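Working through the structure, step by step
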Amino acid sequence: MNAFLYLLTVLIWGTTWIAIKLQLGIVAIPVSIFYRFGLASAILLGALITLGRLQRLDRRGHVLCLGQGLCLFCLNFLCFYSATQWISSGLVSVVFSAATLWNALNARLWFGTRITPRVMLGGAFGLAGLALLFWPELAGQTATLETLLGLGLALLGTLCFSTGNMLSSAQQRAGIGPLTGNAYSMLYGSLILLAGCVLTGQPFDFDPSPAYVGALLYLAVFGSVVGFTAYLTLVGRIGPVRTAYCTVLFPVVALSISSVAEGYQWTSYAVAGLALVILGNVLVFARRAAKQAG
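Attention here is on the structure that accompanies the text. (Residues numbered from 1 in each chain as written. Predicted model: local features only at pLDDT ≥ 70, side-chain atom pairs only at ≥ 80, totals over all residues. Heavy atoms only, no water.)

Secondary structure assignment for the chain yields 13 helices and zero strands. Listed N to C, the secondary structure of the chain is α-α-α-α-α-α-α-α-α-α-α-α-α in terms of helices and strands. For 294 residues, the compact-globule formula gives about 19 Å, and the C-alpha radius of gyration of the chain, at 19 Å, lands near that figure. For the C-alpha atoms alone, the extent of the chain along its principal axes is close to 50 × 50 × 35 Å. Here the chain, with 294 residues, has 49% of them falling under the buried criterion. Here the analysis covers contacts within the chain between residues at least 6 apart in sequence; of these, 89% occur between residues at least 24 apart. Counting every atom, the chain has about 13,300 Å² of accessible surface; 70% of that belongs to carbon and sulfur. Positive and negative side-chain charges of the chain, numbering 15 and 6 respectively, have mean locations separated by a distance of 27 Å. (Helix = DSSP H or I, 4+ residues; strand = E, 2+ residues; numbered from the N terminus. Rg over C-alpha atoms; globule rule 2.2 N^0.38 Å. Buried < 20%, exposed > 50% of the residue type's maximum accessible area, 1.4 Å probe, protein only. Contact = heavy atoms within 4.5 Å. Areas by Shrake-Rupley, 256 points an atom, 1.4 Å probe, with all protein chains shown as cover. Lys, Arg positive; Asp, Glu negative; His and termini not counted. Charge placed at Lys NZ, Arg CZ, Asp CG, Glu CD.)

By secondary structure assignment, the location of Asn103 is in helix H5 (residues 99-111). At 2.8 Å, the side chain of Asn103 and the side chain of Asn165 are in polar contact. (Polar contact = N/O pair within 3.5 Å; in protein donor to acceptor, adjacent residues only side chain to side chain.)

Attention shifts here to the packing of helix H2 (residues 29-51) against helix H9 (residues 178-199). At a minimum axis distance of 8 Å, the contact between H2 and H9 shows a crossing angle of 145°. In the crossing of H2 with H9, the sense of the turn from one axis to the other is left-handed. Of H9, the residues touching H2 (which contributes Pro30, Val31, Ile33, Phe34, Phe37, Gly38, Ala40, Ser41, Leu44, Leu45 and Leu48) are Leu179, Thr180, Asn182, Ala183, Met186, Leu187, Ser190, Leu193, Leu194 and Cys197. The residue makeup of the contact of H2 with H9, split by class, is 16 nonpolar, five polar and no charged. (Axes fitted to C-alpha atoms, helices over the stretch in contact; angles between N-to-C directions. Left-handed = near helix turned anticlockwise from the far one by under 90°. Nonpolar A, V, L, I, M, F, W, Y, C, P; charged D, E, K, R; others polar.)

Within this structure, the stated rule accounts for zero disulfides. No disulfide involves Cys71; its sulfur sits 5.3 Å from that of Cys160, the nearest cysteine. We classify Cys71 as buried; its relative accessible area is 14%. With no disulfide of its own, Cys197 lies closest to Cys74 among cysteine sulfurs, the gap being 8.7 Å. On the basis of relative accessible area, Cys197 is assigned to the buried category, the value being 2%. (Disulfide = S-S within 2.5 Å.)

Each aromatic ring pair is characterised by the separation of its centres together with the angle its planes make. A complete count under the given rule lists 15 aromatic pairs for this structure. Plain terms: the ring middles of Phe37 and Phe77 are 5.0 Å apart, the flat faces sit at 65° to each other, and that makes the pair edge-to-face. Linking Phe37 in helix H2 with Phe77 in helix H3 (residues 59-83), this pair joins segments that are 40 residues apart in sequence. Classification of Phe37 as buried rests on a relative accessible area of 0%. An aromatic cluster is present here, built from Trp13, Phe37, Phe73, Phe77, Tyr81, Phe161, Phe228 and Tyr231 joined pairwise through their rings. Note that Arg173 overlies the ring of Phe111, its terminal NZ or CZ placed 4.0 Å from the centroid. (Phe/Tyr/Trp six-rings, centres within 6.5 Å; stacked < 30°, edge-to-face > 60°. Lys NZ or Arg CZ within 6 Å of the ring centre and 35° of its normal.)

Looking now at the environment of Cys71. Summarising the element assignment, Cys71 is placed in helix H3. Sequence separation between Cys71 and Leu167 is 96 residues, and the spatial gap between their C-alpha atoms is 9.1 Å. Leaving out residues up to four positions away in the same chain, Cys71 has contacts with Asn76, Cys160, Phe161, Thr163, Gly164 and Leu167.

The geometry of a pair of packed helices is captured by two quantities: the angle between their axes and the separation between those axes. Running from N to C, H2 and helix H10 (residues 210-238) point in directions that differ by 55°, and their axes come no closer than 9 Å. As judged from the angle between their axes, H2 and H10 are oblique. With respect to the hand of their crossing, H2 and H10 are arranged in right-handed fashion. Counted together, Ser32, Tyr35, Arg36, Phe37, Leu39, Ala40, Ile43 and Leu44 of H2 and Tyr212, Leu216, Leu217, Leu219, Ala220, Val221, Gly223, Ser224, Val225 and Phe228 of H10 form the full contact between these two elements. (Parallel < 35°, antiparallel > 145°, perpendicular 65-115°, else oblique.)

Another aspect to go through is the nonpolar core. Core analysis: the biggest nonpolar cluster contains 60 residues, and Tyr6, Val10, Tyr35, Phe37, Leu133, Phe228 and Tyr231 have the highest contact counts within it. The element best represented in this core is H10, accounting for 11 residues. Not counting the four nearest positions on each side in its chain, Tyr35 is found in contact with Val27, Phe204, Asp205, Phe206, Tyr212 and Leu216. (Core = buried A, V, L, I, M, F, W, Y, C linked by side-chain atoms within 4.5 Å.)

What follows covers helix H6 (residues 117-133). Its 17 residues place the ends of H6 24 Å apart at the C-alpha level, agreeing with the 24 Å of an ideal helix rising 1.5 Å per residue. Within H6 the residues assigned to the buried category are Val119, Gly122, Gly123, Gly126, Leu127, Gly129, Leu130 and Leu133. Around the axis of H6, the buried residues are gathered within 160° of arc, so they sit on the same side. (Expected span 1.5 Å × (residues − 1). Arc of directions from axis to C-beta.)

Given below as structure tokens:
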């Protein structure tokens, strides 16, 4: 089950970049993110209520969901969408993949989880591999004030993502299932986005084209309901540190698709980077797999 959830998350989130790209244009970024998580929360809440599986939460449970909604389904996406205006998507991917290291540090601070050298080494190999994969973009990035702003937003987005992971872990430790936690967190996140859009005067435009609508449905159903449920279920099952290694594999899947859809050329740097990412993956998970087999 863990392997299935891991692969499902990697495959879904490795393909959402196509849908996100199709959403850029007519509709303002914060409004598109609001549409995505507003629809996702409606679908998830509706399904859980219909099936009688929506858990009742106490005040602490709602506070945890509010925090997760703010960090994971609001600030995280606003930071990363905005960062891509000033730095390359490759650099954004490398920064985001540092979530593996952020989660290790935050798990230590939040829950006292020991940071194993194997996981840290695996994360370092993964980051080095991504740097090689995106080396042409990284080498072409000029050091300007806009670059620093983009890097700062990407780092802040990664920290928000990691904090959302910790809040999800805290929810599950308190007995709140990932489905209920996601449903309420996405609802709170979308309401915060709605309030922000209203206060900043964002126009609530909508693009009725098949490309935009199809992208919205894919992001809401698969990217949000299925993807985040699978990911955060893994957080509860194997911990936030190992689960975060998914973020290293997303760009690899995206580049593999890009080689077919957009003619991405695999260079010697890219092949070496892919090898380092795979090695890092083995380091992070091999010991656990051996223990389970024994």
